[in-house]
Amino acid sequence: MDTKNIILQTALDLFYSKGYDAVGVQEIATKSGITKPTLYYYFGSKLGLLDGLLQEQSKPLISQLENTSTSETVQDALLQTARIFCNFSVSNQKFYRLMLSLMHCAPDNEAYITARPIWLRINELFVDIFQEESHFLGNMNGRQQQFAIGLIGLLNHYLLFKFETSPDNIIHLTEEELENILKQFMYGIFS
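Residues numbered from 1 in each chain as written. Predicted model: local features only at pLDDT ≥ 70, side-chain atom pairs only at ≥ 80, totals over all residues. Heavy atoms only, no water.

Visitor: Describe the packing of helix H5 (residues 74–91) against helix H7 (residues 110–132), naming the residues involved and giving the relevant values.
Guide: At a minimum axis separation of 10 Å, H5 and H7 run at an interaxial angle of 160°. Relative to H7, the element H5 is oriented roughly antiparallel. In the crossing of H5 with H7, the sense of the turn from one axis to the other is right-handed. Residues Ala77, Leu78, Thr81 and Phe85 of H5 form the contact with H7, whose participating residues are Trp119, Ile122, Phe126, Ile129 and Phe130. (Axes fitted to C-alpha atoms, helices over the stretch in contact; angles between N-to-C directions. Helix = DSSP H or I, 4+ residues; strand = E, 2+ residues; numbered from the N terminus. Parallel < 35°, antiparallel > 145°, perpendicular 65-115°, else oblique. Left-handed = near helix turned anticlockwise from the far one by under 90°. Contact = heavy atoms within 4.5 Å.)

Rendered as structure tokens:
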């Protein structure tokens, strides 16, 4: 692993375990086996490091969501999107949980400001799914954003619950579980 990737991995581990605000540049440099000037050379600052980490780690998820194929039914489109989101979150649990924690910082916190565009892009990609499928959903009436927020929220809470109730926080979501989550989302409590 090259120096830049060592720094990124160390930052992810520390930001995940301690929180962005509790970690200093010296600690990242020491645990990475480098000097502070080396960290500054690659990232310019601690905030630059966070931004680089968020961009690098979110790239695969965003790319997969952007390249989802058109589906024959709304259920298939949502299942494909939920599968991508959940599989990424399970495979990249530290990054996923770091992103969730950053989105719960104060709105003027620099970490929140840095993470916000990524969450907005993910949200936008979910909205796009509902927009593309709106011809199948006659009652959408401009509520694509509302549906996207509801689905992302449901997936996030389900994943967090599964992480917290599984030994060693290791989970595998089955296709049946994903289908049941989407049935619950689409048809509600009385389905």
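Visitor: Give a detailed account of H7, specifying residues and quantitative values.
Guide: Given a rise of 1.5 Å per residue, 23 residues ought to cover 33 Å, and the 34 Å separating the end C-alpha atoms of H7 matches this to within 8%. The sharpest bend along H7 reaches about 30° and sits at Arg116, with the proline Pro117 one to four residues further on. For H7, the N-terminal cap is Asn109; the gap from its side-chain oxygen to the backbone nitrogen of Ala111 is 2.7 Å. (Expected span 1.5 Å × (residues − 1). Bend = angle between axes of the 7 residues up to and from the residue. Polar contact = N/O pair within 3.5 Å; in protein donor to acceptor, adjacent residues only side chain to side chain.)

Visitor: Let's hear about the side chain of Gln80: which residues, and what values?
Guide: One can find Gln80 in helix H5. The class for Gln80 is buried, based on a relative accessible area of 18%. Apart from residues no more than four positions distant in its own chain, Gln80 is found in contact with Thr68, Ser69 and Ser71. (Buried < 20%, exposed > 50% of the residue type's maximum accessible area, 1.4 Å probe, protein only.)

Visitor: Run through the packing of aromatic side chains, naming residues and quoting values.
Guide: Applying the stated criterion across every chain yields a total of nine aromatic pairs. Judged by centre distance (6.1 Å) and plane angle (85°), the rings of Phe88 and Phe95 are edge-to-face. Like Phe95, Phe88 is buried. With centroids separated by 5.7 Å and ring planes inclined at 45°, the aromatic side chains of Phe130 and Phe147 adopt a geometry described as tilted. Of the two residues, Phe130 sits in helix H7 while Phe147 sits in helix H8 (residues 144–165), which places them 17 residues apart along the sequence. Among the residues examined, Phe130 registers a relative accessible area of 3% and is labelled buried. (Phe/Tyr/Trp six-rings, centres within 6.5 Å; stacked < 30°, edge-to-face > 60°.)

Visitor: Break down the nonpolar core for me, with residues and values.
Guide: By size, the foremost hydrophobic cluster in this structure holds 58 residues, and its most contacted members are Phe15, Phe85, Ile122 and Phe126. The residues touching Phe15, leaving out its near neighbours within four places in the chain, are Tyr20, Val23, Ile28, Lys46, Leu50, Leu53 and Leu98. (Core = buried A, V, L, I, M, F, W, Y, C linked by side-chain atoms within 4.5 Å.)

Visitor: Explain the confidence of the model for the protein chain to me, using residue names and the numbers behind them.
Guide: On average, residues of the protein chain carry a pLDDT of 92, and 96% of them reach 70 or more. No element of the protein chain has a lower mean pLDDT than helix H9 (residues 175–187), at 91, and none a higher one than helix H2 (residues 25–32), at 98. (pLDDT = per-residue confidence, 0-100.)

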